Amino acid sequence: MKVSEAVERRRSIRAFTDAPVATATILDVLARAVRAPSGGNLQPWHVAVVNGERMDALRARMAERLAGTARPGGEAAEYAVYPANLKEPYRSRRFTVGEQMYAMLGIAREDRAGRLRRFAENYRFFGAPAAIFCFVDRTMGPPQWADLGMFLATFMLLLQERGIDTCAQEAWAAYPRTIAEFCGFSEELMLFCGMAIGHRDETAPVNTLRSERAPLSEWVTVL
Ligand SMILES: Cc1cc2nc3c(=O)[nH]c(=O)nc-3n(C[C@H](O)[C@H](O)[C@H](O)COP(=O)(O)O)c2cc1C
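In this report, we go over the structure that sits alongside the text. Numbers given for residues are sequential positions, taken from 1 along each chain in its written order. Confidence filtering applies because this is a predicted model: local features only for residues at pLDDT of at least 70, side-chain atom pairs given and counted only at 80 or more, and all residues used for totals across whole chains, interfaces and linings. The side-chain values count all of the structure's non-hydrogen atoms but skip hydrogen atoms and water molecules.

**A closer look at the nonpolar core**
- Nonpolar cores are built from buried Ala, Val, Leu, Ile, Met, Phe, Trp, Tyr and Cys residues. Side-chain atoms within 4.5 Å join them into one set. Exposure categories follow from relative accessible area, calculated using a 1.4 Å probe and restricted to protein chains: below 20% of the type maximum is buried, above 50% is exposed, and the middle band is partly exposed. Grouped together as the largest cluster of nonpolar side chains are 28 residues, with contacts concentrated most on Leu-58, Tyr-123, Phe-125, Phe-133, Phe-135, Trp-172 and Ile-179.
- Those residues in contact with Phe-135 that lie beyond four places of it in its chain are Pro-44, Trp-45, His-46, Leu-148, Ile-179, Ala-180, Cys-183, Phe-185, Leu-189, Met-190, Leu-191 and Phe-192.
- Grouped together as the second largest cluster of nonpolar side chains are 25 residues, Ala-36, Ala-130, Leu-152 and Met-156 included. In what follows, residue pairs with any heavy atoms lying within 4.5 Å of each other are defined as contacts.

Right under this line is the structure:
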């Protein structure tokens with residue numbers, strides 16, 4: 001598969017089949033993804049791989065954690081996923097993709113409980129058999145966080161090349177302590193995101209969502 005094909009085929013998958021992904025495969029792809037560039041070659045990423053029994057254990061822990069809460073997000077978040085008062089055009093872009101997704105799931109805007117229940121699917125990794133968590137050293141700043149993005153994008157595209165799908169998930173930022181403790185990571189590291197890893201359920205309407213992109217004229221300036 002050409003890089004351009006992997007870029008075209010990758011999309012955020014929010015319904016997975018039971019087909020497993022071997023930890024050895026994930027490790028092999030991580031070993032290749034680490035060729036991603038980083039400023040000063042700091043390689044500021046730290047990754048935990050979750051699979052098999054550990055995945056069952058995590059799902060059980062999250063089910064316990066979420067039991068009885070209508071609104072997920074019980075821990076103090078360590079970073080703001082979006083700026084407060086998200087401005088235009090970003091606000092509309094976020095709104096649009098959310099509405100398109102809920103429309104495909106048949107969950108109306110007024111159905112707050114339904115939307116929250118659906119959001120909580122993040123904490124089941126949307127049924128994916130495997131996952132990673134990406135952490136960064138707490139002392140790092142925006143340039144190193146950008147490095148995480150380059151690394152994660154490279155990882156997602158290399159998985160796609162093998163026919164393996166993903167969904168990056170900042171939703172996990174709402175449970176930094178639960179996840180750091182589950183991974184056995186020290187306070188030095190800060191959770192950035194999780195990522196569901198598996199095979200897309202081709203029959204799930206939510207997976208047909210092809211999110212929009214702004215035209216070049218909105219964000220490119222040719223000098
Ligand atoms: C760092 C990062 C975090 C994300 N977090 C979530 C998440 O918590 N839950 C979710 O359903 N999608 C999440 N997404 C997926 C985005 O909504 C998605 O990438 C965007 O809408 C573009 O759609 P596409 O990935 O299908 O091209 C995340 C994406 C990125 C890059």
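**A look at the site of the ligand**
- Contacts to the ligand come from 15 residues, most closely from Ser-12, Arg-14, Glu-170, Ala-171 and Arg-213.
- With respect to the ligand, the backbone of Glu-170 contributes an N or O atom lying 2.7 Å from a nitrogen atom.
- Identification of polar contacts relies on pairs of N or O atoms within 3.5 Å, with a donor-acceptor requirement for protein atoms, meaning one able to donate a hydrogen and the other able to accept it, and with residues adjacent in sequence counted only if both atoms are side-chain atoms. For the ligand, an oxygen atom lies 2.8 Å from a polar atom in the side chain of Ser-211.
- Only the protein chains shown count as cover for residues, and all accessible areas are computed by the Shrake-Rupley method using a 1.4 Å probe. For the ligand, the accessible surface in isolation is 610 Å², of which the surrounding protein chains cover 72%.
- Tallied by class, residues from the shell around the ligand come to 6 nonpolar, 4 polar and 5 charged. Note on definitions. A residue lies near a molecule or strand when any single heavy atom of the residue is within 4 Å of it. Polar here means any residue other than Ala, Val, Leu, Ile, Met, Phe, Trp, Tyr, Cys and Pro, which are nonpolar, and Asp, Glu, Lys and Arg, which are charged; Gly is therefore polar.

**Some points on helix H3 (residues 52-66)**
- Between its first and last C-alpha, H3 extends 21 Å over 15 residues, near the 21 Å set by a 1.5 Å rise per residue.
- Helix and strand definitions follow DSSP, with helices as H or I runs of at least four residues and strands as E runs of at least two, each counted in order from the N terminus. If you check which residues of H3 are buried, you get Met-55, Leu-58, Met-62 and Leu-66. End-on, the buried residues of H3 take up no more than an arc of 60 degrees, which puts them together on one face. Across from the buried face of H3, at angles greater than 90 degrees, the exposed residues are Glu-53 and Glu-64.
- On the buried face of H3, the contacting elements are strand S1 (45-51), strand S2 (130-137) and helix H7 (176-183).
- Within two residues after H3, Gly-68 carries a phi angle of roughly 80 degrees, on the positive side. What a helix is expected to span follows from its residue count: subtract one and scale by 1.5 Å. Taking the helix axis as origin, the arc is that swept by the directions to the C-beta atoms.

**Some thoughts on helix H6 (residues 142-161)**
- Taking 1.5 Å as the rise per residue, H6 with 20 residues should run 28 Å; its terminal C-alpha atoms sit 29 Å apart, in good agreement.
- Taken together, the buried positions of H6 are Gln-144, Asp-147, Leu-148, Phe-151, Leu-152, Phe-155, Met-156, Leu-159 and Gln-160.
- Positive backbone phi, approximately 75 degrees, marks Gly-163, located one or two places after H6.

**Overview of the packing of aromatic side chains**
- For Phe, Tyr and Trp, where Trp contributes only its six-membered ring, two rings pair if their centres lie within 6.5 Å, and the inter-plane angle classes them as stacked under 30 degrees, edge-to-face over 60, or tilted in between. Enumeration according to the criterion identifies 12 aromatic pairs in this entry.
- Centre to centre, the rings of Trp-45 and Phe-151 are 4.6 Å apart; their planes meet at 15 degrees, and the pair counts as stacked. Here Phe-151 lies in helix H6 and Trp-45 lies in strand S1, a separation of 106 residues in the sequence.
- A residue is classified by how much of its surface remains accessible, and Trp-45, at 9% relative accessible area, is buried.
- You can call Phe-151 buried: its relative accessible area is 2%.
- A centroid spacing of 6.4 Å and a plane angle of 10 degrees characterise the contact between Phe-151 and Phe-155, whose relative ring orientation is stacked. Separated by 4 residues within a single helix, Phe-151 and Phe-155 lie in helix H6, roughly one turn from each other. Side by side, Phe-151 and Phe-155 carry an identical accessibility label, which is buried.
- Each member of the aromatic cluster is reached from another via a ring pair, and the members are Phe-119, Tyr-123, Phe-125, Phe-133, Trp-172 and Tyr-175.
- For a Lys NZ or an Arg CZ to count as sitting over a ring, it must be within 6 Å of the ring centre and within 35 degrees of the ring normal. Geometry around Phe-182 places Arg-54 over its ring, the cationic atom sitting 4.2 Å from the centre.

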